[in-house]
Amino acid sequence: MSGLLGSRTCPGPGETSDLKFPLGAKFREPLTETRFQQLFGDAEQEPEPLAEPRWSRLRGLWRRRAGACSGRGAWRLLLARLPPLRWLPRYRWRAWLLGDAVAGVTVGIVHVPQGMAFALLTSVPPVFGLYTSFFPVLIYTLLGTGRHLSTGTFAVLSLMTGSAVERLVPEPLEGNLSGIEREQLDAQRVGAAAAVAFGSGALMLGMFALQLGILATFLSEPVVKALTSGAALHVLVSQLPSLLGLPLPRQIGCFALFKTLAAVLTALPRSSPAELTISALSLALLVPVKELNVLLASVLCFTSSLDTRYNVQIVGLLPGGFPQPLLPSLAELPRILADSLPMALVTFAVSTSLASIYADKYSYTIDSNQELLAHGVSNLVSSLFSCFPNSATLATTSLLVDAGGNTQLAGLFSCLVVLSVLLWLGPFFYYLPKAVLACINISSMRQMFFQMQELPQLWRISRVDFAVWMVTWVAVVTLSVDLGLAVGVVFSMMTVVCRTQRVRCLALGLAEGTELYRPLRESHKLLQVPGLRILSYPTPLYFGTRGQFRRILEWHLRLGEGGQLTPKTDSPPDAVAEPVRVVVLDCSGVTFADAAGAREVVQLASRCRDAGIHFLLAQCNASVLGTLTQAGLLDRVTPEQLFVSVQDAAAYALERLELTGPKTCTVWV
């Protein structure tokens, strides 16, 4: 654009300079959208539909998949759905096998006490935590794409499942159940937990069928971290009765955390000194020697007969082998869908985000839709073996990476450790005090509590994200995990909507000697031609912003009486004294437009035409331009008024202003 400008004399401070615009000086002919398509468009390619319905795209996708299920296409589909067929042929046996074996055994040793501990959170017997540490891990090894991901029992999901189980199968008010009644109650609760896992898995498989892996983006990082930190506090408070040896019923619903604290404080005089001592010693030794502490506690309880002399609650007999496959009661599905949906979202969001972190670190990619399939099948199939909902876990994933794990093969070694406990080593845990499992639950929350250390940095980076974190955390703590998740997602979406409402329309000016148009508020040395307004609206144009768009454009163009209510302009007051004759609307920041927004642009074009203002559009993406066209924009403007860039639209506008001689451009310094 420097050829369009000519020379100027630098003014003194606070002065105005006159800039000469020779009429015949220009770079090239302004390029419209129509001319661009003639020059660079593919004439042989059929035009792509502007807005193909999602169902039509899915139908086409499934037709292509059906057509691919023969010969080479079927093999490609099998490779896509069974990741081991891709990574096993390239497995470096000498370099990776030892690391996978050591990491898998290490994680498996952790899975044994942790699985039993998280089973208590789920309100089912400890052995079902071992089942959940075996079947899902085995299935994810076959279907997952996260090479460094460790799956199994997860504290947040166990807490959410336990709340649902306690609501579906509450403890009898009279208490003091006989052995048979306790077994019947446990069986009902196991069935309810398995039904929740079945529903969660079915929902994730439905999301996979619809290719909804993008839904994970709606759970932002502040929401996920605040959810897990708030849930960690719930876990800590819920384990207080077990730490103190108080047989208190579990509180569920809103304000459950405060109800539990009140019940514990009321019953504190009845706490068991023996279990309190065990809990204190376990917490002191748990961090450095977790697994050794479990064995020592079992030996101490056996030799001292703490279960009979001091009524210390112990794990008891762990049945050997595996349970018979059993389909969960489908009659419970309508009642548990409201619980299964947030669990499915949490499972997918936490697992995918954790897998992405290590995929970026070790330079490989994951398939979010394949992750939906892996976790969906993992939850659905494992529910047939009385497992409760499962997902990836932060603690064991970090442990697997630190121990040298390289691929999903580490999951098989982890399964071997759990299998040995189920088949042979179960009796050694008979005398393990449940207070120790409660301590394991608390110690497993350390990393989730440490996430609160990131809050000062989050405050410096983004106050909005900090607000999302705090609102989600407060909602999780005061209400419940699932309601807190809903509040966090809704609030984070509201912040996005509110930020689109606060975007300012920017008046642009030309940087002398360049073709760059920058916001006038960035510098008072930018050039502005009298009678020409170049406006940038950097936000989506939809029903929520159409009113703001109308008011701001009316103010800038002096249309109607709406100018008195809009924000202040970015340009100097004298620069807009001359009536606007040409306006260029830069649409590069308009990422999408709906029907209401498109009609607003069409109405603006009509009002500009009636007011004698030449209306030009610049740099619309194909989707926005298609929506505007469908809304009738070409009935108000000609194709020659649509330009591929602001520079081309401005060059055309200067010609439109009938520069028959030297004109004056104001430079503010």
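Please read these numbers as outputs of a predicted model, since none were measured by experiment.

Trainee: What should I look at first to understand a nonpolar patch on the surface in this one?
Mentor: Among the surface-exposed residues, Phe322, Leu423, Trp424, Leu425 and Phe428 lie close enough to one another that they form a single nonpolar patch of about 540 Å² accessible area. Here phenylalanine 322 shows up in the loop between helix 16 (306-309) and helix 17 (333-361). Relative accessible area serves as the criterion here: at 34%, phenylalanine 322 is assigned to the partly exposed category.

Trainee: Explain the pairing of strand 9 (residues 614-618) here, please?
Mentor: The buried fraction of strand 9 is high, at five of five residues. Side-chain alternation along strand 9 places His614, Leu616 and Ala618 on one buried face and Phe615 and Leu617 on a second face that is also buried. Running through helix 27 (residues 595-610), the crossover from strand 8 (residues 582-586) to the neighbouring parallel element strand 9 is right-handed. Alignment of strand 9 against strand 10 (residues 642-643), held across two bridges, turns out to be parallel. The residue of strand 10 that forms the bridge with alanine 618 is phenylalanine 643. Since strand 9 and strand 10 lie parallel, the crossover through helix 28 (residues 622-630) that links them has a hand, and here it is right-handed.

Trainee: Whenever I open this one, the environment of proline 323 confuses me. Can you help?
Mentor: Assignment of secondary structure puts proline 323 in the loop between helix 16 and helix 17. The buried category is assigned to proline 323, whose relative accessible area is 19%. On a C-alpha basis, the gap between proline 323 and tyrosine 131 in space is 8.7 Å, while along the polypeptide they are 192 residues apart. Residue contacts for proline 323: discarding those within four places in its chain leaves Tyr131, Phe385 and Ser386.

Trainee: Help me understand the packing of helix 9 (residues 155-168) against helix 17, please; the structure alone is not making it clear to me.
Mentor: For any two helices packed against each other, one specifies the inter-axial angle together with the distance between the axes. Between helix 9 and helix 17, whose axes approach to 10 Å, the crossing angle comes to 175°. As judged from the angle between their axes, helix 9 and helix 17 are roughly antiparallel. Residues Val156, Leu157, Met160, Thr161, Ala164, Arg167 and Leu168 of helix 9 pack against Arg335, Ile336, Asp339, Pro342, Met343, Val346 and Thr347 of helix 17. Residues belonging to the contact of helix 9 with helix 17 are distributed by class as follows: nine nonpolar, two polar and three charged.

Trainee: Whenever I open this one, the side chain of serine 229 confuses me. Can you help?
Mentor: Here serine 229 lies in helix 11 (residues 221-238). For serine 229, a relative accessible area of 1% corresponds to the buried category. At 3.0 Å, the side chain of serine 229 forms a polar contact with the backbone oxygen of methionine 448. Filtering out sequence-adjacent residues up to four positions away, serine 229 remains in contact with Met448, Phe449, Gln451, Met452, Trp469 and Trp473.

The rules behind the values
- Residues numbered from 1 in each chain as written.
- Predicted model: local features only at pLDDT ≥ 70, side-chain atom pairs only at ≥ 80, totals over all residues.
- Heavy atoms only, no water.
- Patch = residues over 30% accessible without salt bridge, like charges linked within 9 Å, V, L, I, M, F, W, Y side chains within 5 Å.
- Areas by Shrake-Rupley, 256 points an atom, 1.4 Å probe, with all protein chains shown as cover.
- Salt bridge = Lys/Arg side-chain N within 4 Å of Asp/Glu carboxyl O.
- Helix = DSSP H or I, 4+ residues; strand = E, 2+ residues; numbered from the N terminus.
- Buried < 20%, exposed > 50% of the residue type's maximum accessible area, 1.4 Å probe, protein only.
- Right-handed = clockwise from strand over helix to strand, strands pointing away.
- Pairing = 2+ DSSP bridges.
- Contact = heavy atoms within 4.5 Å.
- Axes fitted to C-alpha atoms, helices over the stretch in contact; angles between N-to-C directions.
- Parallel < 35°, antiparallel > 145°, perpendicular 65-115°, else oblique.
- Nonpolar A, V, L, I, M, F, W, Y, C, P; charged D, E, K, R; others polar.
- Polar contact = N/O pair within 3.5 Å; in protein donor to acceptor, adjacent residues only side chain to side chain.

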